[in-house]
Amino acid sequence: MANDFPVVIGICLDAEASWLGRNPDNIRRPVLLSHGTFAIREGLAPLLALLDENKIRTTFFIPGITAERYPEAVKEIAKHDHEIASHTYGHRSVLVIKPEEEEPELVRGIEALEKITGVRPTTWRSASWEWSPRTLQLLLDHGVKVSTNFHDRVRPYRHQQNGKPTSVVELPVQWHLADAPYFVYGGEVARTIRVAGDVQTIWQDEFDGLMEWPGAFYHLTLHVELIGHPGRLRMLARHLQYLKSRSVKFLTSDEIAATVA
Ligand SMILES: [Zn+2]
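Residues numbered from 1 in each chain as written. Predicted model: local features only at pLDDT ≥ 70, side-chain atom pairs only at ≥ 80, totals over all residues. Heavy atoms only, no water.

1. Observations regarding the nonpolar core
For soluble globular proteins, nonpolar side chains are generally found buried alongside one another.
Turning to step 1, where the next piece is worked out: Counting residues in each nonpolar core, the largest one holds 55 residues, and the members touching the most others are Phe60, Trp203 and Tyr218.
Turning to step 2, where the next piece is worked out: The leading source of residues in this core is helix α2 (residues 30–53), at nine residues.
Turning to step 3, where the next piece is worked out: Ignoring any residue separated from it by four or fewer positions in sequence, one finds Tyr218 in contact with Phe5, Pro6, Val7, Val8, Leu177, Trp203, Phe207, Leu210, His239 and Leu243. (Core = buried A, V, L, I, M, F, W, Y, C linked by side-chain atoms within 4.5 Å. Buried < 20%, exposed > 50% of the residue type's maximum accessible area, 1.4 Å probe, protein only. Helix = DSSP H or I, 4+ residues; strand = E, 2+ residues; numbered from the N terminus. Contact = heavy atoms within 4.5 Å.)

Listed below in structure tokens is the structure:
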């Protein structure tokens, strides 16, 4: 039904973690890391205010290392009633860590958030949307119920193991429905920074198309350090107004996952 079209917004609060996860030597580059610190110092408060104004609850994905560095930010997000989800410990991709490091990365990331909020997160996103062949079993072993990493469908589905459905629901994502490909700039990443209005057009076109696909949902991925700049927040405000004009329902990741059979 066109009414109640599900919209899920997943917001990463990486801060410095994405730069450190990409290259540990970046610890010696305070200016580069400050691109991430912007999320804490400037971006988070107006973003939370914009979501409040629109009465939208989202899911925030926070690496353990960021949570330990900025526990007050985690508490603030929880106070605004958003779902707190795990985003690894050190934002290191499974492509770069040793196989035996994958489990401690997962567990440490979950426990860092649990220690701060008192709630064990059950939604998880990897660093840079990568899985290894071991990931599903680790998620099952550690009580993760929702993964938001794959790009293969426009609707949520249940991961299978040995041909049988498991307790892990996937909420597929898309790079073109994220802010990072358009706005990340710095260090070893040098792309053309996109006009915010063009990005809004891409997101809106995809939303309009998805609304016509039965069973689809709209899944937007944002990063506080990227979207939390003044002009981009204005673009996001316009985009949220557009979504709201089309009779959608906003759900957190765990809420939409709970609707999957
Ligand atoms: Zn991230």
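2. Here we look at unusual backbone geometry
Turning to step 1, where the next piece is worked out: A positive phi angle is found at Asp81, which is not glycine, with a value near 70 degrees.
Turning to step 2, where the next piece is worked out: Locating Asp81 in the fold gives a position in the loop between α4 (71–79) and β3 (83–86).
Turning to step 3, where the next piece is worked out: Although it is not a glycine, Trp129 adopts a positive phi angle of roughly 55 degrees.
Turning to step 4, where the next piece is worked out: Along the polypeptide, Trp129 turns up in the loop between β4 (123–124) and α6 (135–141).

3. Regarding the packing of α2 against helix α10 (residues 230–244)
Turning to step 1, where the next piece is worked out: Where α2 meets α10, the closest approach of the two axes is 11 Å, and the angle between their N-to-C directions is 15 degrees. Put simply, α2 runs roughly parallel to α10. As for how α2 packs across α10, the hand of that crossing is right-handed. In this structure, α2 uses Pro46, Leu47 and Leu50 to contact α10, whose residues at the interface are Leu233, Leu236, Ala237 and Leu240.
Turning to step 2, where the next piece is worked out: Looking at the contact of α2 with α10 residue by residue, the classes come out as seven nonpolar, no polar and no charged. (Axes fitted to C-alpha atoms, helices over the stretch in contact; angles between N-to-C directions. Parallel < 35°, antiparallel > 145°, perpendicular 65-115°, else oblique. Left-handed = near helix turned anticlockwise from the far one by under 90°. Nonpolar A, V, L, I, M, F, W, Y, C, P; charged D, E, K, R; others polar.)

Taken by themselves, the reported measurements are silent on function.
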